[in-house]
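Here is what each chain is made of, one letter per residue.
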Amino acid sequence: MRPRRWNETGTRYAMYGGLGLMASVLAIGTGCSQPKREVTRAATPVVTREIPAPLRGTIGSECTFRGIEPVLVSGFGIVVGVNGTGGGFIDPAVRATMERELARGGITRANARPGEIGKSPDEFLRDPNVAVVIVEAAIPPGAPRSAKFDVRVRALPNSGVTSLEGGILWTTELRIGPATTMTGVKTRIIAEARGPIFINPFVEPGAVEKDGVSRDVGRILNGGVVTQPLKLEIALDNESHTRARAIVAAINTRFPQGPYDDDPIALGRSANSVALAVPVAFRQRPADFLGLVRHLSIDQSFQQERARQYVQSMKANPELAGDLAWCLRAIGPPAVPFLREMYDYSQISPRLSALDAGAKLGDMRVLPHLIRIAESGAAGFRVPAIQLIAELPSSEEANAALRDLVNASTLDVRVAAYEGLVKRADVSIDRLVVGDNPRYPKFFVDLVPANDPLIYITQQGEPRIVLFGGSGAGFGARRDSIRLDKPLFVSAWNDRLLLNADAPDAPVRVFYQDVRTGRRVQENTAPEQLAALLQYLAHTPTPEDPSPGLSLSYSETVGALYEVHRQAGVTALFATEEDRLRAAVWEAARASDIEERPEVSAADEATGPAKVYEPQQPNQPPASAAGETQGGKPTLIQPLQRKPKK
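Asker: Mind showing me how you'd approach the overall build of the chain here?
Answerer: A count of helices and strands for the chain gives 19 helices and 26 strands. Taken over 646 residues, the chain has a buried fraction of 47%. Considering only intrachain contacts with a sequence separation of at least 6, the fraction spanning at least 24 residues in the chain is 65%.

Asker: Please clarify how the pattern of salt bridges should be interpreted in this entry.
Answerer: In total, this model carries 28 salt bridges according to the counting rule given. Here the salt bridges do not stand alone but share partners, grouping Arg95, Glu99, Asp122 and Arg126 into one network.

Asker: When you look at the environment of Ala359 in this model, what are you seeing that I'm missing?
Answerer: Relative to the elements of secondary structure, Ala359 occurs in helix 10 (residues 348-360). In this structure the C-alpha to C-alpha distance between Ala359 and Val336, which are 23 residues apart in sequence, comes to 9.6 Å. With residues near it in sequence (within four places) discarded, Ala359 still touches Val366, Leu370, Leu388 and Leu392.

Asker: What's the story with the nonpolar core in this structure? I'm lost.
Answerer: The nonpolar side chains of soluble globular proteins are, as a tendency, buried together. By size, the foremost hydrophobic cluster in this structure holds 58 residues, and its most contacted members are Met314, Leu328, Leu370, Ile389 and Phe468. For this core, the element with the highest residue contribution is helix 14 (residues 411-423), accounting for 7 residues. Among all residues touching Phe468, those that are not within four sequence positions of it are Val406, Arg414, Tyr418, Val448, Ala450, Asp452, Pro453, Leu454, Tyr456 and Ile482. Listed in part, the 44 residues of the second largest apolar core include Ile465, Ala501, Ala526 and Leu530.

Asker: Looking at this model, I keep getting lost on the packing of helix 7 (residues 303-316) against helix 8 (residues 321-331). Mind explaining?
Answerer: Running from N to C, helix 7 and helix 8 cross one another at 165 degrees; their axes reach a closest spacing of 10 Å. One way to sum up the angle between helix 7 and helix 8 is to call them roughly antiparallel. At the point where helix 7 passes helix 8, the crossing takes the left-handed sense. The residues of helix 8 that touch helix 7, namely those facing Gln303, Arg306, Ala307, Tyr310, Val311, Ser313 and Met314, are Ala321, Leu324, Ala325, Cys327, Leu328 and Ile331. Within the contact of helix 7 with helix 8, the residues separate by chemical class into 10 nonpolar, 2 polar and 1 charged.

Thresholds, definitions, all that
Residues numbered from 1 in each chain as written. Predicted model: local features only at pLDDT ≥ 70, side-chain atom pairs only at ≥ 80, totals over all residues. Heavy atoms only, no water. Helix = DSSP H or I, 4+ residues; strand = E, 2+ residues; numbered from the N terminus. Buried < 20%, exposed > 50% of the residue type's maximum accessible area, 1.4 Å probe, protein only. Contact = heavy atoms within 4.5 Å. Salt bridge = Lys/Arg side-chain N within 4 Å of Asp/Glu carboxyl O. Core = buried A, V, L, I, M, F, W, Y, C linked by side-chain atoms within 4.5 Å. Axes fitted to C-alpha atoms, helices over the stretch in contact; angles between N-to-C directions. Parallel < 35°, antiparallel > 145°, perpendicular 65-115°, else oblique. Left-handed = near helix turned anticlockwise from the far one by under 90°. Nonpolar A, V, L, I, M, F, W, Y, C, P; charged D, E, K, R; others polar.

This is the structure:
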């Protein structure tokens, strides 16, 4: 049979050869009495893209990736331990939903434990120490099973819940899309969330609102976990079993199935669809994996020759340097020898792209080039260079460079260098676990040797307080590097927290009254070293460990530390990580394409129409001068203003 022919518009002509002969024979055999029937075939259009010549033949040049946007997941949850600020009004549809869930979970009068008075679901929800909340999160595309993520928690609108401070979220199932009651469309459960709630630390505990910041909103750092991963899809522009098999083979050759992967990374579905899963090895960087697959060549032969061509194209087409660097990374280690000639190339864009690809492929020859950029490069290139150094294989030279960079004059460079040292598990970082349960600590205190003292607070991932300061050798020297300045007087939270030292050699006295319980603590000798003081603030005295402490939460400890800084109780800059969670949830809501799968029974319909709670749009922060705050918290790279020392 001769090949099919195509006209300029992509419409197929009739096929020649054996097919035409067969049609003639059939026509003769049927006789002249039968009318001729004209057979028409549906035309299959050929999709072509305007792709630069060097990028043709990659998966991304012939396919569309589906499911690569962050996924919004939501649900209604129960928060306990809010100490009288919960209860309040609950929309009837939400109440019916939560009563059913509580009954399914065993909250009934009959299920009370010995010595307890059982409560019905309705009585439980009316408890002022309990709050019904909306739980929301944005899951990265392709996040594999057990991947963790931050969760946003907010009280129901108009519920009367004034604060979620001190609350703990019970395990909550998270479905795709916005939170909806039981009569609404039910979507797939792909994650769950639980844990202690982190409230904005820069407002007074117990206060309802300050500077426009409400305490009925919080987050759970790393509180979500993926339970049912979503598959990604690669849709071919043109239907072809042969091409689909070639794509599957290319992906599985470059990314073989690991010991913890459930299935092969790519699985063929049809002539125009390939299922894709993010390998467990890329759990923390799914976007990297998707970029590599998009730029992976479908033809896996002659990889070294292809790498040489990519490098030549990078020189000839500097505007394509970023995409070509991805193509070289997709080839893998065979591309490294060809990249090296670009590390000192005269044009900045190809040179930086080659250094990025070389670092991601583990080539240590990029290190001196990256160190020069990190130490004295242009402002926009220093932090990316530090992040690349952090990804290189184990090297004392790389670690030493990062240790030097924590003393840089620019705040974001110092923080990036510290994060790089943490990523590389460098021995210069001492970590203290703060909390009474080592398995579930309240937060961590990282001690970083540095010339200039700095206090840095994280608001994503792990809860950390980072203390920069003290260049002396030994753990003890670094622990004592930042101390309270005496004489000292700090009054915070309407005089519910007082720290006082009348003279440089006087002990630090502490008075504290808990806003929730009214408990009073008075200590005549409190720790003067900041790390030890943080442990004191968070410790809860128990019979097993009766040492004194104020039992503050992470957010309360951060708030107390900020007041000490603001009132000149310590000589150090103060900075915090930018809070991006609300914006991430909002963007995921805008990007999500929710497939409606009704699972509503007739009994559910009787409870009335469904209530759907869309994520809140993030506020636009006002422009602020250096040292001011945005939305009730300090910005990432600005030192905060504080009261002058008297």
